[in-house]
Amino acid sequence: MLIIVYSETNQSNILANLGKPEYSYYFVLKEFRPVLERLGHVIEVTRPEEEVDQLYADCLGRGEDCVFLSFSPPHRTDAHYACPTIPVFAWEFSTIPTESWQGEPRHDWRVVLGATGMAITHSSFTVHAVREVMGADFPIVAIAAPVWDRFYARGAVLAQRPTVDHMRLQLRGLLIDSRTVDLRPYGPPAHQAGTALVFDAPAQDCELLLDGVVYTSVFNPYDGRKNWKDMISAFCATFRDVPDATLVLKLTHHDVTAALNDMLHHVYKNQSYRCRIVLIHGYLADADYERLVEATRYVVNCSYGEGQCLPLMEFMSCGRPAIAPVNTAMADYIDHDNAFVVECTEELTAWPHDPRAAFRTLRYVTDWDSLCSAYRASYDVAKNDPERYRRMSAHAVRSLETFCSQANAEQRLRVFFEQVLERRRNAQQP
């Protein structure tokens, strides 16, 4: 079988697109590719309108099965190809778009999904949202990006190392530490003083020393779902008098200047505190990324919803328990045995690509007091209950193996492809 794959973001433009809408589909495709290569011959295209149907015609000529996986949301997926087309997408809102705007019918996802007749997504939450609209028997399957094997292997190595009180990381980029940065330039205009940092200066080599109880979150600061303001404010309030609690925020975007000004304003507003906030924007080599994972005791997520959340999955696959809500895709792998669960409530919102900002769906708002409670409880376990921490760590590894291992993805993809091709053959029979 020939498996054609496509993502708008690819190896040639990832640096320029980092943090832009749909950029993460490139990383999802990369995680799926080794599994897809076990199921067939994989060809990645960059000009699908020119390449897909030609490749499909070649397959027909030699009697070979062929499918096209478009790693794109439905409104950015073309459905006119002769080749069987399967959109592969993430979604984290209670309803899928069922209206169009700006003269583009594809904004109504029913149009695209009805034309493709099938889809792959990454959570049971999204499967339910699609079938609510497309019907209970619509061919859609939940298959998470299979990150577990790679990160479990890293975690197994880390688990063999003795616990250390200090961890040094080397990075190339920008490192901002609340203990050393002058926050006065980021206060209210009437109270600003000192000299602001230069965020667009050439990248520099930096060293970061981590100790104590380290909490880490990896995210795009411009992603409106991530709710980093609550993450910071709850951390500062909870650990106001706790000097060995550190929150590391690893930022993923090609240009974080505007975001850093906003984030440092919030770090300023939450003074005074003895805990530590560290912002990292830059490149971490694999060895230093592993050191960050090793230094981390908990991975943190307090977003309004997730299509799957690769960083959360990666850290948990390494055996790091979470602080996170049980909603959207996270409901498939977060529970009270591998995380300190943060409560949330529903709130009306708009589909993120709807320029009308019309309230048509729900997101899930973190309860701030519950987030503070999760921080407190997790710190107590890290300091005083090593056996419970070990149980949570082991359960995190097992839960993520079930959710996002290559073996799970391969089995589900194999069954789905067989069903897709069987339906195709039956439809073509007279």
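Structural data are supplied above this passage.
Residues numbered from 1 in each chain as written. Predicted model: local features only at pLDDT ≥ 70, side-chain atom pairs only at ≥ 80, totals over all residues. Heavy atoms only, no water.

Enquirer: Before we move on, could you go through the packing of helix α7 (residues 228–238) against helix α11 (residues 368–384) and cite the residues and values that matter?
Expert: With their axes 9 Å apart at the nearest point, α7 and α11 run at an angle of 55° to one another. On the basis of the axis angle, α7 is oblique to α11. Handedness of the α7/α11 crossing: right-handed. Residue-level inspection shows Asp230, Met231, Ser233, Ala234, Phe235, Ala237 and Thr238 of α7 in contact with α11, the latter providing Trp368, Leu371, Cys372, Tyr375 and Arg376. (Axes fitted to C-alpha atoms, helices over the stretch in contact; angles between N-to-C directions. Helix = DSSP H or I, 4+ residues; strand = E, 2+ residues; numbered from the N terminus. Parallel < 35°, antiparallel > 145°, perpendicular 65-115°, else oblique. Left-handed = near helix turned anticlockwise from the far one by under 90°. Contact = heavy atoms within 4.5 Å.)

Enquirer: So what about the sheet that holds strand β4 (residues 85–87)? Which residues, and what values?
Expert: The sheet built from four strands is open, its strands ordered β2-β1-β3-β4 with parallel pairing. Two strands in the sheet have a free side with no partner beyond their single neighbour: β2 (41–44) and β4. When strand polarity is set aside, the average angle formed by the axes of neighbouring strands in this sheet is 25°. Alignment of strand β1 (residues 2–6) against β2, held across four bridges, turns out to be parallel. Of the residues in β2, the one forming a bridge with isoleucine 4 is isoleucine 43. Each of β1, β2 and β3 (66–70) touches helix α3 (residues 48–61); the most contacted strand, β1, lies at about 175° to it. (Pairing = 2+ DSSP bridges.)

Enquirer: Please provide a residue-by-residue account of the side chain of serine 72, values included.
Expert: Assignment of secondary structure puts serine 72 in the loop between β3 and β4. Residue class for serine 72 comes out buried when judged on its relative accessible area of 1%. Leave out the neighbours within four places in its chain, and serine 72 touches Tyr6, Tyr25, Thr77, Pro87, Val88 and Phe89. (Buried < 20%, exposed > 50% of the residue type's maximum accessible area, 1.4 Å probe, protein only.)

Enquirer: Tell me about unusual backbone geometry, residues and numbers included.
Expert: At the junction of glutamine 271 and serine 272, the peptide bond is cis and its omega measures out at 0° in the coordinates. Inspection of the secondary structure assignment puts serine 272 in the loop between α8 (257–269) and β11 (276–283). Phi angles above zero are rare outside glycine, and cysteine 309 is one such case at about 75°. With respect to the helices and strands, cysteine 309 occurs in the loop between β12 (296–300) and α10 (310–317). By relative accessible area, which is 9% here, cysteine 309 ends up buried. Despite not being glycine, alanine 357 has its phi angle at roughly 55°, a positive value. On the accessibility criterion, alanine 357 (48% relative accessible area) is partly exposed.

Enquirer: Run through the packing of aromatic side chains, naming residues and quoting values.
Expert: Tallied over the entire structure, the rule returns 22 aromatic pairs. Here tyrosine 215 and phenylalanine 235 contribute two aromatic rings whose centre-to-centre distance is 5.6 Å and whose plane-to-plane angle is 75°, an arrangement assigned as edge-to-face. With a gap of 20 residues between them, tyrosine 215 in strand β9 (residues 213–219) and phenylalanine 235 in helix α7 connect regions that are remote in the sequence. Three or more aromatic residues link up through ring pairs in this structure, and these residues are Tyr215, Phe235, Phe239, Tyr298, Phe340, Tyr375, Tyr379 and Tyr389. One residue, lysine 229, lies across the ring of tryptophan 228, its end atom 5.8 Å from the ring centre. (Phe/Tyr/Trp six-rings, centres within 6.5 Å; stacked < 30°, edge-to-face > 60°. Lys NZ or Arg CZ within 6 Å of the ring centre and 35° of its normal.)

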